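Reading the structure
Residues per chain, in single letters:
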Amino acid sequence: MASAAAATAAAASIRERQTVALKRMLNFNVPHIKNSTGEPVWKVLIYDRFGQDIISPLLSVKELRDMGITLHLLLHSDRDPIPDVPAVYFVMPTEENIDRMCQDLRNQLYESYYLNFISAISRSKLEDIANAALAASAVTQVAKVFDQYLNFITLEDDMFVLCNQNKELVSYRAINRPDITDTEMETVMDTIVDSLFCFFVTLGAVPIIRCSRGTAAEMVAVKLDKKLRENLRDARNSLFTGDTLGAGQFSFQRPLLVLVDRNIDLATPLHHTWTYQALVHDVLDFHLNRVNLEESSGVENSPAGARPKRKNKKSYDLTPVDKFWQKHKGSPFPEVAESVQQELESYRAQEDEVKRLKSIMGLEGEDEGAISMLSDNTAKLTSAVSSLPELLEKKRLIDLHTNVATAVLEHIKARKLDVYFEYEEKIMSKTTLDKSLLDIISDPDAGTPEDKMRLFLIYYISTQQAPSEADLEQYKKALTDAGCNLNPLQYIKQWKAFTKMASAPASYGSTTTKPMGLLSRVMNTGSQFVMEGVKNLVLKQQNLPVTRILDNLMEMKSNPETDDYRYFDPKMLRGNDSSVPRNKNPFQEAIVFVVGGGNYIEYQNLVDYIKGKQGKHILYGCSELFNATQFIKQLSQLGQK
């Protein structure tokens, strides 16, 4: 990242910045230098669940090992003393964590202690640690205490989420509970603001904040503005001065932070989707960039009456080094299936080469893992052989995506997800519908009860006039017969009555999908993927509400939807509450943050939108990342009153 050209071409992503901060921390808070020849200092890493969730999407075990981390352990596990090794702690400054750290000091577990707090520690808690250190006469061993301001989780170069552990504390349900007290709401908002503050410290930039009025997003904006302002005021301890800022990607122009409330668009999180990453998140168990699959081992060859074999669970990490994932996570699913097939064919062509290389090396029977361990300088290894690990890695990725895509395809076929996707797109874009909603709801072969509920809720949210009571009863009966739980509808009904949006539901642009005739290539019998009967729908780019709001504010377009958004500039001495932006120029960098939860559909929509904008960057963040199942569950709890 040293070259200036590289820096301007791809401004340091938030993923990079957070990774650099973590590496610096693991290096005892001294900048980590790549090519220093010396061995790293061996040390142990002690984290809590929060720390684990922040580190795991960014650093692999191998990278930790390269940084000298021999052991990484949870703070609240039973740990044996290792008296001659320094320990790096990375934990939240909670009461119980601090008690446990003080206990470690008393038990003299390690040689020295580097205490890093994910979020700023209060003065009183710091004094507790100091007292414990004194009592244990371990003052000299506590080498450093740092506030890291890393209390958020980066999932992509341009995507982050606040937390994974206690996400129910900041969930859509928590913010929208009818019986929430003011103090509870304050706590929720403070939690969100603390993480956003950490995010901007890591980014090294003070944003200009815009938000809609009268929403939870506005409460976040007010508190964040105040917190940034107080920090800038305190010149001695400001986190936004000096070296952190100049190097930032935002040194020329400040970023725009758009705070949106989930309530402006409840249809998108329920929507059936058609792009790879969003589908994986919708139908499989996928979180913090890891997907867990159950692989069923065949039952057909077992004798009649035998117990079906145990399903073995496999988990795969979908990471930025996975080129196939990076390239195709935003592609429509049929395209992904076709690409996996092509990769497989090109690999098969190289497979003979692999066999030949293995035999040259006398490694026919060897396990592939063992081969990757070979260093390149043994006499037998010619230049041809250096391509072997590369080929094996390619095969690993092909296998991974074959498995993941097959699992997704099974869901699409079993639940007719292509039908749902296409029908919902038509509802959301107000196109004429080719078959009645009731037919789909009452079709026993189309989808799960939850799929039907999602479809109906989207219809209910998007329609200009709510169905008449009589029609609604008919729909409700059909939904109940299909096995649906009607609680979510209860909530959405109240929600719709409340929102001023009822007069003009969020529009989702014009029609989007055009079936292209089924994929001929993937249909041929040699393919891994039998796509029979699955529609090959092609997406047309059109902006979802969140993207549209961002576009208005980033490009300074006048639009009734966003004209009365509040404007905050924490750098201005007096906070003046106005919706009149001081700055009339369009922004180059923007962060969209959804208070109340986000999803990969919106993320992908923003990514596609910004592709057409030369030299502009956006980041998508949300208080939690949920798929439709998790969101329906929250709506259901809200509707249970």
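These numbers come from a predicted model, not from an experiment.

1. As for helix α23 (residues 600-611)
- Look at α23: 16 Å from first C-alpha to last across 12 residues, which is about the 16 Å you get at 1.5 Å a residue.
- Along α23, 10 of the 12 residues are buried, which leaves the element largely enclosed by surrounding structure.
- What α23 keeps buried is the set Tyr 600, Ile 601, Glu 602, Tyr 603, Gln 604, Asn 605, Leu 606, Val 607, Tyr 609 and Ile 610.
- At the N-terminal end of α23, a side-chain oxygen is found 3.1 Å from the backbone nitrogen of Ile 601, two or three residues along, and the residue is Asn 599.

2. Some thoughts on the sheet that holds strand β12 (residues 312-317)
- Read across the open sheet, the 3 strands follow the order β10-β11-β12; overall the sheet is antiparallel. With one partner strand each, in any of the chains shown, β10 (285-287) and β12 form the two edges of the open sheet. When the angles between neighbouring strand axes are averaged without regard to direction, this sheet yields 20°.
- Each of β11 (290-295) and β12 is contacted by helix α15 (residues 387-415), which is oriented at about 75° to β11, the strand it contacts most.

3. Here we look at the sheet that holds strand β3 (residues 82-91)
- One open sheet holds the 5 strands; their spatial order is β2-β1-β3-β4-β5, and the pairing between them is parallel. Two strands in the sheet have a free side with no partner beyond their single neighbour: β2 (69-74) and β5 (142-147). On average, each strand axis in the sheet is tilted by 20° relative to the strand beside it, whichever way the strands run.
- Note: β3 against strand β4 (residues 110-117), 7 bridges, orientation parallel. Among the inter-strand pairings, Ile 82 is bridged to a residue of β4, identified as Tyr 110.
- Its contacts with the sheet place helix α2 (residues 14-26) against β1 (43-47), β2, β3 and β4, and it is angled at close to 155° to β3.

4. Observations concerning unusual backbone geometry
- Phi is positive for Asn 29, which is not a glycine, with a value near 65°.
- Mapped onto the elements, Asn 29 comes out in the loop between α2 and β1.
- Unlike most non-glycine residues, Met 556 shows phi in positive territory, near 55°.
- Assignment of secondary structure puts Met 556 in the loop between α22 (545-554) and β15 (566-568).
- When its relative accessible area of 22% is taken as the criterion, Met 556 is described as partly exposed.

5. Here's the deal with the packing of helix α18 (residues 449-462) against helix α24 (residues 628-639)
- Direction vectors running N to C along α18 and α24 enclose 70°, while the axes themselves pass 11 Å from each other. Taken together, the axes of α18 and α24 are roughly perpendicular relative to one another. In this structure, α18 contributes Glu 450, Met 453, Arg 454 and Leu 457 to the contact, and α24 contributes Ala 628, Thr 629, Ile 632 and Leu 635.
- Of the residues that constitute the contact of α18 with α24, the class distribution is 5 nonpolar, 1 polar and 2 charged.

6. Some details on the environment of Thr 402
- Here Thr 402 shows up in helix α15.
- Sequence separation of Thr 402 and Val 340 is 62 residues, and the distance between their C-alpha atoms is 6.5 Å.

7. Considerations on a negative patch on the surface
- Taken together, the side chains of Glu 95, Glu 96, Asp 99 and Asp 128 present a region of like negative charge at the surface.
- A per-element tally of the negative patch places helix α5 (residues 95-106) first, with 3 residues.
- Within the secondary structure, Glu 96 sits in helix α5.
- Note on Glu 96: relative accessible area 54%, which makes it exposed.

8. Description of empty space enclosed by the protein
- Summed over the entire model, instances satisfying the criterion amount to 4 cavities of 30 Å³ or more.
- Empty space within the second largest cavity amounts to approximately 70 Å³.
- Elements with a contribution of two residues or more to the lining of the second largest cavity: α11 (276-283) and α23.
- In the lining of the second largest cavity, the residues fall into 6 nonpolar, 6 polar and 1 charged.

9. Re the packing of aromatic side chains
- Inspection of the entire model under this criterion finds 24 aromatic pairs.
- Considering the side-chain rings of Tyr 149 and Phe 197, the 5.8 Å spacing of their centres and the 75° angle between planes classify their relative orientation as edge-to-face. Taken as a pair, Tyr 149 in the loop between β5 and β6 (153-156) and Phe 197 in helix α8 (residues 182-203) lie far apart in primary sequence, 48 residues in all. With respect to class, Tyr 149 is no different from Phe 197; both count as buried.

10. Re the side chain of Lys 43
- With respect to the element layout, Lys 43 can be found in strand β1.
- Separated by 2.6 Å, the side chain of Lys 43 and the backbone oxygen of Met 67 make a polar contact.
- Dropping the residues within four chain positions of it, Lys 43 is found in contact with Leu 26, Phe 28, Met 67, Gly 68, Ile 69, Thr 70, Leu 71, Val 85, Pro 86 and Val 88.

11. Side note on the pairing of β1
- β1 sits mainly inside the fold: 5 of its 5 residues count as buried.
- The two faces of β1 match: Lys 43, Leu 45 and Tyr 47 on one face and Val 44 and Ile 46 on the other face are all buried.
- When β1 meets β2, the two strands line up parallel, connected through 5 bridges. Across the sheet, residue Lys 43 finds its bridge partner in β2, namely Ile 69.

Each value, and the rule that gives it
- Residues numbered from 1 in each chain as written.
- Predicted model: local features only at pLDDT ≥ 70, side-chain atom pairs only at ≥ 80, totals over all residues.
- Heavy atoms only, no water.
- Helix = DSSP H or I, 4+ residues; strand = E, 2+ residues; numbered from the N terminus.
- Expected span 1.5 Å × (residues − 1).
- Buried < 20%, exposed > 50% of the residue type's maximum accessible area, 1.4 Å probe, protein only.
- Polar contact = N/O pair within 3.5 Å; in protein donor to acceptor, adjacent residues only side chain to side chain.
- Pairing = 2+ DSSP bridges.
- Axes fitted to C-alpha atoms, helices over the stretch in contact; angles between N-to-C directions.
- Contact = heavy atoms within 4.5 Å.
- Parallel < 35°, antiparallel > 145°, perpendicular 65-115°, else oblique.
- Nonpolar A, V, L, I, M, F, W, Y, C, P; charged D, E, K, R; others polar.
- Patch = residues over 30% accessible without salt bridge, like charges linked within 9 Å, V, L, I, M, F, W, Y side chains within 5 Å.
- Areas by Shrake-Rupley, 256 points an atom, 1.4 Å probe, with all protein chains shown as cover.
- Salt bridge = Lys/Arg side-chain N within 4 Å of Asp/Glu carboxyl O.
- Lys, Arg positive; Asp, Glu negative; His and termini not counted.
- Charge placed at Lys NZ, Arg CZ, Asp CG, Glu CD.
- 1 Å grid on protein atoms, 1.4 Å probe; cavity = no way out; pocket = protein on both sides within 12 Å on 5 of 7 lines; lining within 4 Å.
- Points joined across faces, edges and corners; volume = space filled by probe spheres on them.
- Phe/Tyr/Trp six-rings, centres within 6.5 Å; stacked < 30°, edge-to-face > 60°.

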